[in-house]
Every structure is written in C-alpha cells, then in structure tokens.
Amino acid sequence: GWAGVGAPDAIEALVAAGAKGAVLPTPPPSVDVARGIAAALAPIAAAVKKDSDSEPGSAPSASASTAPTPIGTSGTSTMAGKIIDPTTQALLERERVLLDDAVAFLTESTPSLEEIGLLVEARKGLEELFLLVIVGEFNAGKSSVINAMLGQKALKEGILPTTNEITVLKFGDKPRTEQSKDGFYTQLIPADLLREVNIVDTPGTNVILERQQRLTEEFVPRADLVLFVLSADRPMTESEVKFLSYIRKWGKKVAFVVNKCDRLENQGEVDEVKGFVADNAERLLGVTDPAVLPVSAKAALAAKEKGGGETDFAQLEDYILSFLGAGDKKGKNSGEGLRLKLGTPLQVGTMLFAAAEEILAQERAEAVEELQQAEGVDAAMDKYREAMEADFGAQVQAVRTAMMGAVGRCDDLLDATLRLTNGADLFTTYVLGNGANGAIRERYKKEVLGDSETKLRAAIKEHTGWLARNNDNQLRAYADAVRARGFDPSATDLNLFEREERIAAEEDAAIAAVLAEVAAKQTAAAEAEAKAAEAKARAAAKEAAGDDGAAAGDGADASNDSSKEDSSKEDEDSSLADSLAGPAPAPTSATSLITRASSDLTSPATVAAGFDQAGAARLLEEEVKDAVYSTVGAAGASFFFAVFLSGFLDNFAEDVLAFSLTAAVGYVSVLSLPLKRAETKAKARAVAESFLDEVEAAMKAEFERKVGATTAQVRATTAPWVASAREAEAAVAASQSRRDRISEGMDQLQRDVQSI
C-alpha cells in the first residue's frame, strides 16, 4: 500500500530482492502523498538505471528517468510519460470520485434539472486522454508534425493529400486502422505518447465544408489543444483564415505551428513569418500574444531517430507539455490545458450545484410550509373546538329561549289568576264550585304550552344538525387534503362514529319508549283523579244524609247541655276545612314530570320527549288550588273564631271588638295571596330549570362525544401526512447538507487545480 511506498526500509528491501517497479491498487490518497512518489521510488529507479547501463551494447542513459520504457512500444518521443505525473493523477482520481458523487446527488435530489447530462458528459471527459486536434491545409506538414511528436514515422508523408478523412490516433500494441460507426477512422499505433494523448489528424482546411463542419462540431469542442499547422512558405491562406472563423466560437486554445521553417533563408525570415502569423491570429481570434512556434518537423524526426535533438521542435514539445500540465512550471501557459481539463467539469458542476441550491431552497421552503400545515392540524383542531364551544353556547341559548318562553307565559297565567281582584271568582270557583273543572289545565295547554314543544324540538334538532355539519366538514376537508397528497383516509379510520350511528338509529325507538312511559304515567294519574272524585261524591252524599237526620231529631235533643253544643261546633269547623280541601288528589311531584331513558347515551331529543306536559298542567292546577284553599281557609277560620269568642263575652262592645280583631286577621290572610302566587311561580320555574339542566347535559354529552371523535379521527387521518412531511423536510435538509459538502469539495478541488 501507500504506507509501504513511503517507508524507505521497505523500498530498500524490495530493491534488494530484485524489484524493478511497484504496482499499487489505488490512486494516491492525497496530493502530499503523490508528491512523495518520486522520492519514494528513487531506489527502484536507480536500480533500473544500473541494470540498464550494465547490459551489453546498451547506450548510456541521457537522464535518470523515474520509469523504464514500457515493453512492446516503440518511438523516441520526448513527451511520453511526462504529461500526467503522480500529482496530476491524484487530482484526477479525486475529481472522478467527487464528480461521480455529484452526478449521483443531482440525479437523486434534483432530477428536474435538465442540464445534468452536461456534467455526465464532462465527467466522461476525465476518462478520456488529452485530445490534440491537428488542423491545417494539406501539404502543410501535419503528418510530419505528428510523426515528430510520436518519434516515429507512423503516418504517410508526401506532396499529395495523404488524409481524406478524420482519423483519431490512439495507442495500440499493434498498428492497425479501424473505421468507427460514426464514419471516423481510428488508427492504433504503439507509441508511448498515445498512452496519455489522443491525436486527431484531419483533412486539409481546403476540403469540402461538410467535413469542416463535422470536425468543428465533433472534435474542436472536446479538444484540449488545437495545433494549427501552417507552411512557412505560404502561411495564412484563404482557406486557413476561413477555417479559423469556424473554430473561434468555441474559445479553444490554438497554437500555431509554422512548419518547414528550414526552407527559409535565415532567422530573419523566420521571425517575419512568425510575426505575420501572430498579427493575423490576434485579428482573427481576438487574442493577445498568440502562441506561434516555428519548427522543421522532418528534421526533428530525423534527429530523434539518430538519438539527437532539435531545438525548435523541442520548444513545441515543451509548450505542449507545459500547457497540458507538465514541462516548464514557470511558463505563462504552464498547466493551462490540465487546468482546463480538470477545471471545466468542476465549472459545470459548480454551475449545476448553484442551480440545485436554488431548487433545494425552494423545495425546503415548500417542505417547511407543508410541515407547518401538517403539524398545525393539532392547533387547528384546538381552535375548532374553541369555536364550537363558543357556538355551543348559542345552541344552548336557543333551547333555553324556547323553554323559558313557556315559563314566562306560565307567570302571566298565574299573575292573571292568583290576584286579589279575582278573590270573588276564586272563592266561587274553588270554594263554592267544583274547582273550575280543569280550566287551569286547558289554559296551560293553550296559553302556556302553545308551540314551545315544537320550538324546543326544532332547537334540539338544529343542535344535532349543527354538530353533524361542522364535524363532517372537518372530516371531509382533512380527508381531501391527505387524499390529494396520496394517502388513503380509509386506512386510518378509527370507527369512532359507530356509537353515534347506533344512538341515531335507536333514537326513534328510545323516544317511543319514553313517550309510552309518559302516557302510562298520565293514565295512572287520570285513574287516581277519577277515584278521588268518586270518593268526594260519596262523602258529599253521606254528609247530606247526616244533615237530614239531625233536623228530624231536633225536638228530642233540645235538652242537650252546652258541652255537647261546643263539641258539635268543633266538628262543624273541622268539616268546613275538609270541605274546602276536598278529597286528597293524586300526588304529583316536580321530579316525576321527567321520564328518563335507561341508556346512558341518551340524545337530547329523547330527554325532551320525556317531559310530561300533562303532569305539569296538573301540578300547576294543584298549586293554584292549594294557594286558594290556604288563603280562604285562613280567612274562614278567623270568622268562626270570632263567633266562638262572642259566646264568652258579656256585652255588645266586647263582641264588636272580637269581630274587629278577627276581621283584621282575615284581611291579612287574604293579603297573603300574592305571596302564594310568587311561590307558585318559583316552583314552576324550578321545574323548568331542572328540565333544562337535563336537556343541556344531554346536549353537552353529545357535543363532547362528537367533537372529541372528530378531533381524534382528524388527527389519525393526518398522522401519515405529518410523518411524511417530516420525512420530506428532513430529506431536503439532508440534501442541502450533502449539496453543501460536495460543493465545498468542488471549491477546494478547483483551488488545487488552479495551483497546478
């Protein structure tokens, strides 16, 4: 591993064992490690050099190369193995990994970004070697320049056009030519330089326009460097100038190679041609200080084949090496090609990640808003309950208004009945008469009850409907909301409304049962009243018979003493009280007026149906009778008391005084009638309040059940939405963090690339 490479003892042991190189399974983990490769492998390089120098017939090495010439290759290119050094390789591997992560991220997180394909293509470019595109007129010496760079005569040369098609030169163990599906030719050549660089050989610029267009569209945009080869004896021909206009829009680096400079007379002519080319390049390409390199390609190849060098062509090679990343590190173009090759995908990635940042920011805002809506369901349902509770008061008030209207009319009836101005009528009706024959009951039904039952039932029905409408609206709204987001509301149905459906289905039967019980009570009360009336009639008949017997025996009983007369007087007083009160009526109480259903889940309508209106009328009539009898009874008793006192007084003055006192007592007794009226009103109001309490309790229970069930169901319905919204927001937040991390990695890598 890399740790072993960095250990001198390990390297020395390898050299001692006869190692000629080191193979590592992974790229350098960092730039710093890569920079130490040359030093770490120095012992192996020295051993290789020593073995090479010691072989019979071998030539001395011109320099201490850090790597042996690969087996199976040929050529004497001075650029081979120098373009991609370990530091460059480490950067390249870092960028490949980073861009793979970037492409995966964009594909997963921002699939709507249509330009992802640009980064995919840019990433593919890192798998390709450097691309040199050679252009120029035929017979300008393009093939000669390529041969000189390869260090071998791989391409044909001549005064006639030798290239009619676009040909890509690539490394191959054996020379051969293949035609690709797109019509281009691929020529495989065993040359070391082609391990790092692919070279595109093109027809002359003075061929048909179609090929020029294919060349500019297929290869110039991908080129790391364009070598424009011109002939020194006829530079910048019309076709060359025209072709430059085609490639200008791509903004590619163009180096002008002035070939065949050995045909010029002297250096002055070379400088003159060089200046002419530079001026036209500035004018046509809009660049300053263009690269113009005069060479003699054939002479350079001949010198390489003989083991020598050629200064002008070496300058071209140094320029290429420097531009692509190696060579003279102090040159102004040093590493420009490598920076472009590595920097272009990063620039594309930076552009896409800026767009991804905007997309994710928008998605995050939408996810946060969605999450707020989802998590706001609880608060919304709390507000819904508050609003319903506020409206519930109005519903209760509507029921109370319907009931209290009847209570007010009952007060009016009592005010009109139990009043001093009606004293004579009350005495005549209830003392001398037969108790008005149920007149109070009839007036209760017409004047008090009226349409209050209808209004009460309507108010209760409105309450139940109000609950159903509002709860259904809540359930429907949230069901639609989650359904629109792809969730199935039925999957979270808690079946909480089955009980309410059962109550509603059984309500008619419950009301019928309560009404039947109320009717039974009324029947029993009517039977009791009939029996009481029959008993009263028998008592009256018996009393009449007794009076007749007493008249027949008056003569016989004339000698009875005064004590018997007193006893008879007391009996007469008792009979008067009994006759005023009459026989005992059937007992009716306020609590017996309300018939309750057996079920705890009683609806308000069932409670309302259980109120015995006939019993209420009977109770009211009893209260009126009681008020009249108690008032008249007190007054009558005072009169009889005055008669009793006169029997014991001696003179007329004392008799007058006794009757005056009893008259005053009777008057006070009559004045108690308004108090009895107020007491009767209070009793009637108490009955109404008790009934209203039970109705309101049933309404409140119904409210709590239905609103509570609605709240629970809404929360269950929206639970998957809430969970999904949280996951979505967290996923976008994670994507943003991942985007930031990859973006920081690209920024750092761009800085490292710019430092090449």
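Residues numbered from 1 in each chain as written. Predicted model: local features only at pLDDT ≥ 70, side-chain atom pairs only at ≥ 80, totals over all residues. Heavy atoms only, no water.

Overview of the overall build of the protein
Helix and strand counts for the protein come out as 24 helices and eight strands. Counting over 756 residues, the protein shows a buried share of 40%. Long-range contacts, defined as pairs at least 24 residues apart, comprise 80% of the intrachain contacts of the protein with a sequence gap of at least 6. Accessible surface, the protein as shown: approximately 39500 Å² in total, 55% of it carbon and sulfur. (Helix = DSSP H or I, 4+ residues; strand = E, 2+ residues; numbered from the N terminus. Buried < 20%, exposed > 50% of the residue type's maximum accessible area, 1.4 Å probe, protein only. Contact = heavy atoms within 4.5 Å. Areas by Shrake-Rupley, 256 points an atom, 1.4 Å probe, with all protein chains shown as cover.)

Remarks on the pattern of salt bridges
Tallying each qualifying case throughout the model produces 38 salt bridges. Taking the shortest distance from any N to any O, the salt bridge between D451 and K455 comes out at 3.7 Å. On the basis of relative accessibility, which here comes to 48%, the residue K455 falls in the partly exposed class. One continuous salt-bridge network, built from bridges that share partners, spans E93, R96, D100, R123 and E127. (Salt bridge = Lys/Arg side-chain N within 4 Å of Asp/Glu carboxyl O.)

Observations concerning unusual backbone geometry
Unlike most non-glycine residues, M236 shows phi in positive territory, near 55°. According to the relative accessible area criterion, M236 is buried, its value standing at 10%. In this structure, K260 takes a positive phi of about 65° despite not being glycine. Within the secondary structure layout, K260 lies in the loop between β7 (254–259) and α11 (267–285).

What about the packing of helix α7 (residues 116–127) against helix α14 (residues 336–375)?
Relative orientation of the contacting elements α7 and α14 amounts to 160°, with a least axis distance of 9 Å. Taken together, the axes of α7 and α14 lie roughly antiparallel to each other. Like other packed secondary-structure pairs, α7 and α14 cross with a definite hand, here left-handed. Only K341, L342, P345, V348, G349, M351 and L352 of α14 make contact with α7, whose side of the interface consists of I116, L118, L119, A122, G125 and L126. Residues of the contact of α7 with α14, tallied by class, amount to ten nonpolar, two polar and one charged. (Axes fitted to C-alpha atoms, helices over the stretch in contact; angles between N-to-C directions. Parallel < 35°, antiparallel > 145°, perpendicular 65-115°, else oblique. Left-handed = near helix turned anticlockwise from the far one by under 90°. Nonpolar A, V, L, I, M, F, W, Y, C, P; charged D, E, K, R; others polar.)

With respect to the environment of V226
Looking at the secondary structure, you find V226 in strand β6 (residues 225–231). Overall, the relative accessible area of 2% leaves V226 in the buried class. Each C-alpha atom of the pair V226 and K253 lies 6.2 Å from the other, and the pair is 27 residues apart in sequence. Contact partners of V226, with chain neighbours within four places excluded, come to V133, V135, K252, K253, V254 and A255.

Describing the confidence of the model for the protein
Looking at the protein, the pLDDT average stands at 77 and 71% of residues meet or exceed 70. Least confident of the elements in the protein is helix α20 (residues 562–581), whose mean pLDDT is 45; most confident is helix α18 (residues 452–484), at 93. Within the model, the stretch residues 558–586 combines pLDDT values under 50 with 16 contacts to residues more than four positions away or in other chains. For the stretch residues 661–667, pLDDT sits under 50, and the model shows six contacts to residues farther than four places along the chain or on other chains. (pLDDT = per-residue confidence, 0-100.)

Points about the sheet that holds strand β8 (residues 291–294)
The strand order across the open sheet formed by eight strands is β3-β4-β2-β5-β1-β6-β7-β8, and the pairing between neighbours is mixed. Looking at strand neighbours, the two that pair on one side only are β3 (176–179) and β8, the edges of this open sheet. Each strand axis lies, on average, 25° off the axis of its neighbour in the sheet, ignoring direction. Bridge analysis of strand β2 (residues 167–171) against strand β4 (residues 185–189) gives five bridges, and the strand direction is parallel. Note that in β4 the partner of V168 across the bridge is T186. Contacts between α11 and the sheet are confined to β6, β7 and β8, with β7 contributing the most and set at about 150° to the helix. (Pairing = 2+ DSSP bridges.)

Quick notes on the environment of D100
Summarising the element assignment, D100 is placed in helix α6 (residues 86–109). In this structure, the C-alpha to C-alpha distance between D100 and K124, residues 24 residues apart in sequence, is 10.0 Å. Within polar-contact distance, the side chain of D100 engages the side chain of R123 at 2.8 Å. (Polar contact = N/O pair within 3.5 Å; in protein donor to acceptor, adjacent residues only side chain to side chain.)

Some remarks on the packing of aromatic side chains
Applying the stated criterion across every chain, the model contains eight aromatic pairs. With a centroid separation of 5.0 Å and an interplanar angle of 65°, the aromatic rings of F184 and F219 are classed as edge-to-face. Placement of F184 in the loop between β3 and β4 and of F219 in the loop between α9 (209–218) and β6 is noted, with a sequence separation of 35 residues between them. For the residue pair F184 and F219, the accessibility class agrees, reading buried in each case. Aromatic side chains F228 and F256 sit 5.8 Å apart centroid to centroid with 35° between the ring planes, which places their arrangement in the tilted category. Separated by 28 residues along the polypeptide, F228 in strand β6 and F256 in strand β7 bring together distant segments of the chain. Like F228, the residue F256 is buried in the burial classification. Aromatic rings pair up to connect F228, F243 and F256 into one cluster. Looking at R195, its charged tip hangs above the ring of F171, at a distance of 4.0 Å from the centre. Above the face of the F130 ring, K341 is positioned so that its terminal group lies 5.2 Å from the ring centre. (Phe/Tyr/Trp six-rings, centres within 6.5 Å; stacked < 30°, edge-to-face > 60°. Lys NZ or Arg CZ within 6 Å of the ring centre and 35° of its normal.)

With respect to the side chain of E696
Among the secondary structure elements, E696 is positioned in helix α24 (residues 673–754). There is a polar contact of 2.9 Å between the side chain of E696 and the side chain of R400. Excluding its chain neighbours within four sequence positions, the residues that come into contact with E696 are V396 and R400.

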